[in-house]
Amino acid sequence: MTTGIDAAFIAARNDALRRDLAHDYEHLGDQLARRGIDLEHVRAQVATFGVAIPSWGVGTGGTRFARFPGPGEPRHVFDKLQDCGVIQQLARATPTVSLHIPWDKCTDWSELRGQAASLGLAFDAMNSNTFSDQPGQPRSYKFGSLTHTDAATRAQAVAHNLECIDIGRKLGSKALTVWVGDGSNFPGQHHFRRAFDRYLESTRQIYAALPDDWRMFLEHKICEPAFYSTVIQDWGSSYLAASALGPKAQCLVDLGHHAPNVNIELIVARLIAAGKLAGFHFNDSKYGDDDLDAGSVSPYRLFLVFNELVAAAHERAPGFDPAYMLDQSHNVTDPIESLMTSAAQVQRSYAQALLVDRDALDAAQEANDAMTATHLLKAAFQTDVTPLLQRVRADAGGAIDPVATYRASGYRRQVAEARPAALSGGGGIV
Ligand code: AFD
Ligand code: MN
Ligand code: MN
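A quick note: this is a predicted structure, and the numbers were derived from the prediction, not measured. (Residues numbered from 1 in each chain as written. Chains lettered and ligands numbered in written order. Predicted model: local features only at pLDDT ≥ 70, side-chain atom pairs only at ≥ 80, totals over all residues.)

### Comments concerning the overall build of the chain
Quick reminder of the rule: Segments assigned H or I by DSSP are reported as helices when at least four residues long, segments assigned E as strands when at least two residues long, and all are numbered from the N terminus. Note that the radius of gyration is over C-alpha atoms, with the globule rule given as 2.2 Å times the number of residues to the power 0.38. With C-beta atoms placed from the backbone, a residue is labelled by how many other C-beta atoms lie within 10 Å of its own: buried for 20 or more, exposed for 12 or fewer, partly exposed between the two. By the convention adopted here, residues are in contact when the distance between their C-beta atoms, placed from the backbone, does not exceed 7 Å.
Scanning the chain for helices and strands turns up 15 helices and 12 strands. Against the 2.2 N^0.38 benchmark of 22 Å for 430 residues, the chain shows a C-alpha radius of gyration of 22 Å, consistent with a compact globule. Projected onto the principal axes, the alpha-carbon positions of the chain cover approximately 65 × 60 × 40 Å. In the chain, which comprises 430 residues, the share counted as buried stands at 47%. Counting only contacts in the chain whose residues sit at least 6 apart along the sequence, the fraction spanning at least 24 positions is 80%.

### What to know about the nonpolar core
To keep it simple, the criterion reads: Definition of nonpolar core: a set of buried Ala, Val, Leu, Ile, Met, Phe, Trp, Tyr and Cys residues joined via C-beta atoms within 7 Å.
Judged by nonpolar contacts, the single largest core of 105 residues is most densely connected at Leu176, Phe217, Leu218 and Cys251. Here this core gets 10 residues from one element, more than from any other, and that element is helix H10 (residues 335–354). Once residues lying within four places of it in the same chain are set aside, the contact partners of Phe217 are Ala125, Ala175, Leu176, Thr177, Val178, Gln250, Leu252, Ala278, Gly279 and Ala323.

### Thoughts on the confidence of the model for the chain
Predicted coordinates in regions of low pLDDT should not be interpreted in detail. Applied cut-off: pLDDT measures the predictor's confidence residue by residue and takes values from 0 up to 100.
When the pLDDT values of the chain are averaged, the result is 96; 97% of them are 70 or greater. Mean pLDDT values for the elements of the chain range from 96 in helix H15 (residues 411–418) up to 99 in strand E8 (residues 215–219).

### Structural notes on the sheet that holds strand E1 (residues 53–54)
Operational definition: At least two DSSP bridges between two strands are needed for those strands to be called paired.
One open sheet accounts for 3 strands, arranged E1-E2-E4; its pairing is parallel. Because the sheet does not close on itself, it has two edges, and the strands there are E1 and strand E4 (122–123). By the bridge criterion, 2 bridges tie E1 to strand E2 (residues 96–98) in an arrangement that is parallel. For Ile53, the partnering residue across the bridge sits in E2 and is Val97.

### As for the pairing of strand E10 (residues 249–254)
Consecutive residues of a regular strand have side chains that alternate between opposite faces of the sheet. Which entries qualify depends on this criterion: A right-handed crossover is one whose linking path, passing over the helix from the first strand to the second, runs clockwise when the strands point away from the viewer.
In terms of burial, E10 is a largely internal element, 6 of the 6 residues being buried. The sheet contact formed by E8 and E10 spans 4 bridges and is parallel. The residue bridging Leu218 from the neighbouring strand is Cys251, located in E10. Of the pairings in the sheet, the one linking E10 to strand E11 (residues 277–282) comprises 4 bridges and is parallel in character. Along E11, the bridge assignment pairs Val253 with Phe280. Note on the crossover from E10 through helix H8 (residues 264–273) to E11: the handedness is right-handed.

### Notes on the pairing of E8
Among the 5 residues in E8, 5 count as buried, and that is most of the element. Side chains Arg215, Phe217 and Glu219 of E8 all project onto a buried face; the interleaved residues Met216 and Leu218 project onto the opposite face, where all are buried too.

### Focus: the sheet that holds E11
The criterion, for reference: The angle between two axes is taken between their N-to-C directions and runs from 0 to 180 degrees, where each axis is a line fitted to C-alpha atoms and a helix contributes only its stretch in contact.
What the 7 strands build is an open sheet, ordered E3-E5-E6-E8-E10-E11-E12; its pairing is parallel. With one partner strand each, in any of the chains shown, strand E3 (100–101) and strand E12 (323–326) form the two edges of the open sheet. Bridging between E3 and strand E5 (residues 126–128) involves 2 bridges; their strand directions are parallel. Bridge assignment links Ile101 to a residue of E5, and that residue is Ser128. In this fold helix H5 (residues 151–171) packs onto E3, E5 and strand E6 (175–178), with an angle of close to 160° to the strand it touches most, E5. Sheet contacts for helix H7 (residues 235–245): E8 and E10; angle to E10, the most-contacted strand, approximately 160°.

Below, the structure is given as structure tokens:
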């Protein structure tokens, strides 16, 4: 079995870049020192940053029209984990993997846990799937799952979520993410209030089965697959449900699940204030749930989200403990390259947000000095922290240039030989 990329190969690639990196890093340190910022202090914080990889992200994604599989696609969860291992090896910002059941079902969970540990990976939130029918399933989710009008269908969807918790316990996961595709395509199709009540009735049963140290992440989405209404349409519905369920239920923000131009950073601030921010599915969006690579279209928006997160940590907001995951669909790139790049992009936004002069921003806000306030954010956002990220990766044994190192390693070619093209194991679905 191909195990990953040789550490000596990574080190040799880094050696060619170390001299330039030392200069660039020193220059960044000087620049920041002039602004009263200690680069070493920032580096220590950035070095602890991690974002989970969704197991389905390592498969090539598709659209409603077609899917164009790439070479060496993972065939099952063990292959997916192997790819996640390479991403973590090179980019050093993705120490956890988030599984999707039943796509990632296997016969030996302890073997899977062992493989993860040997790759230096752990398991993040479990994801249930009641938005598509599985072979042999007695009831269909065509007209809904946790909110279906039929009690037996709801019970089946609840049971599936309980199974996800059981599997997660075996893997050391501490959270269950629930996203339902439930909704309606026609005005009049749904009794909105009753559908929401059924959602609460079902999720209460799931909530009751959560281990004490687990959290339940409720993920809202404005539309798709239902295109007139969804049951958990927005952060307001999500907040109502999370409040009704109890303290272990929180609201998860997927950046692509809002109407265009919605002020997501403001939603983030509201959820923090309410102690209900579960965490994020990072991606970028131009029109809808596009699942584009994080920060590829709107890096400033991603920075503004992190500005809220860093402010909350700085102010020690009660109950603030967000979980971070990438949730993207890679239709035209090698998923490993996209995921490494996106992890670094999210890490970059975090690093930039750490550079905001919080005291000066507070003062500008108190004085209603809009121009100074916005300059302070731009000063942080426009700082090129590339040498910092490179240094953090290199210090952790990763690659200074992950994509170039990955391409030079020939990993994809090697796994393409070991993994004959087969039907997708569920990866890459948006
Ligand atoms: C959906 C949601 C959710 C879900 C995923 C499935 O973002 O995270 O698990 O896509 O592919 O749009
Ligand atoms: Mn998502
Ligand atoms: Mn989505």
